[in-house]
Amino acid sequence: MASSKKDYFGLNRVVSIILAIIPVTSLILGIATRLKEGKFVAAILRLVLGWNIIWILDLIFMIINGRIWRLLNV
């Protein structure tokens with residue numbers, strides 16, 4: 001399968017973009033990705049702020065980089 005450095009559990013880039021287009025799956029997978037990385041505060045922020053600007057930024061970054069937007073990369 002794809003390398004594990006990509007977001008959405010290493011899925012193919014096209015599949016990840018399709019999942020990022022759908023707001024509900026983007027929110028759920030974004031939170032799950034941040035929890036998998038051990039970034040609990042970032043996951044909580046995605047839960048609170050995930051339905052607006054973060055969804056649009058995730059979509060743009062997924063298309064450009066293949067990774068979701070990192071608000072907190074601490």
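The following paragraphs examine the structure supplied in this document.

With that out of the way, let us pick up helix 2 (residues 23-36). Its 14 residues place the ends of helix 2 20 Å apart at the C-alpha level, agreeing with the 20 Å of an ideal helix rising 1.5 Å per residue. Those residues of helix 2 not exposed but buried are Ser26, Leu27, Leu29, Gly30, Ile31, Thr33 and Arg34. Buried residues in helix 2 make contact with helix 1 (13-21), helix 3 (40-49) and helix 4 (53-64). A positive phi of about 85° marks Gly38, the residue just after helix 2.

Quick look at the environment of Leu35 now. Tracing the sequence through the fold places Leu35 in helix 2. Residues in contact with Leu35, not counting those within four places in the same chain, are Phe40 and Ala43.

Soluble globular proteins tend to bury their nonpolar side chains together. The biggest cluster of nonpolar side chains holds six residues, and these are Tyr8, Ile17, Ala20, Leu29, Met62 and Ile68. When residues no more than four places from it in sequence are discounted, the contact partners of Leu29 are Tyr8, Phe9 and Leu19.

Taken together, the side chains of Val14, Ile18, Ile21, Ile22, Val24, Ile28 and Trp51 present a nonpolar region at the surface, about 670 Å² in accessible area. Mapped by element, the contributors of at least two residues to the nonpolar patch are helix 1 and helix 2. The greatest single-element share of the nonpolar patch, amounting to three residues, is contributed by helix 1. Among the structural elements, Ile18 can be located in helix 1.

As a further point, take the environment of Asn52. Locating Asn52 in the fold gives a position in the loop between helix 3 and helix 4. Residue Asn52 is classed as partly exposed on the basis of its relative accessible area, which comes to 40%. In sequence terms Asn52 and Pro23 are 29 residues apart; their C-alpha atoms lie 9.2 Å from each other.

The rules behind each value
Residues numbered from 1 in each chain as written. Predicted model: local features only at pLDDT ≥ 70, side-chain atom pairs only at ≥ 80, totals over all residues. Heavy atoms only, no water. Helix = DSSP H or I, 4+ residues; strand = E, 2+ residues; numbered from the N terminus. Expected span 1.5 Å × (residues − 1). Buried < 20%, exposed > 50% of the residue type's maximum accessible area, 1.4 Å probe, protein only. Contact = heavy atoms within 4.5 Å. Core = buried A, V, L, I, M, F, W, Y, C linked by side-chain atoms within 4.5 Å. Patch = residues over 30% accessible without salt bridge, like charges linked within 9 Å, V, L, I, M, F, W, Y side chains within 5 Å. Areas by Shrake-Rupley, 256 points an atom, 1.4 Å probe, with all protein chains shown as cover. Salt bridge = Lys/Arg side-chain N within 4 Å of Asp/Glu carboxyl O.

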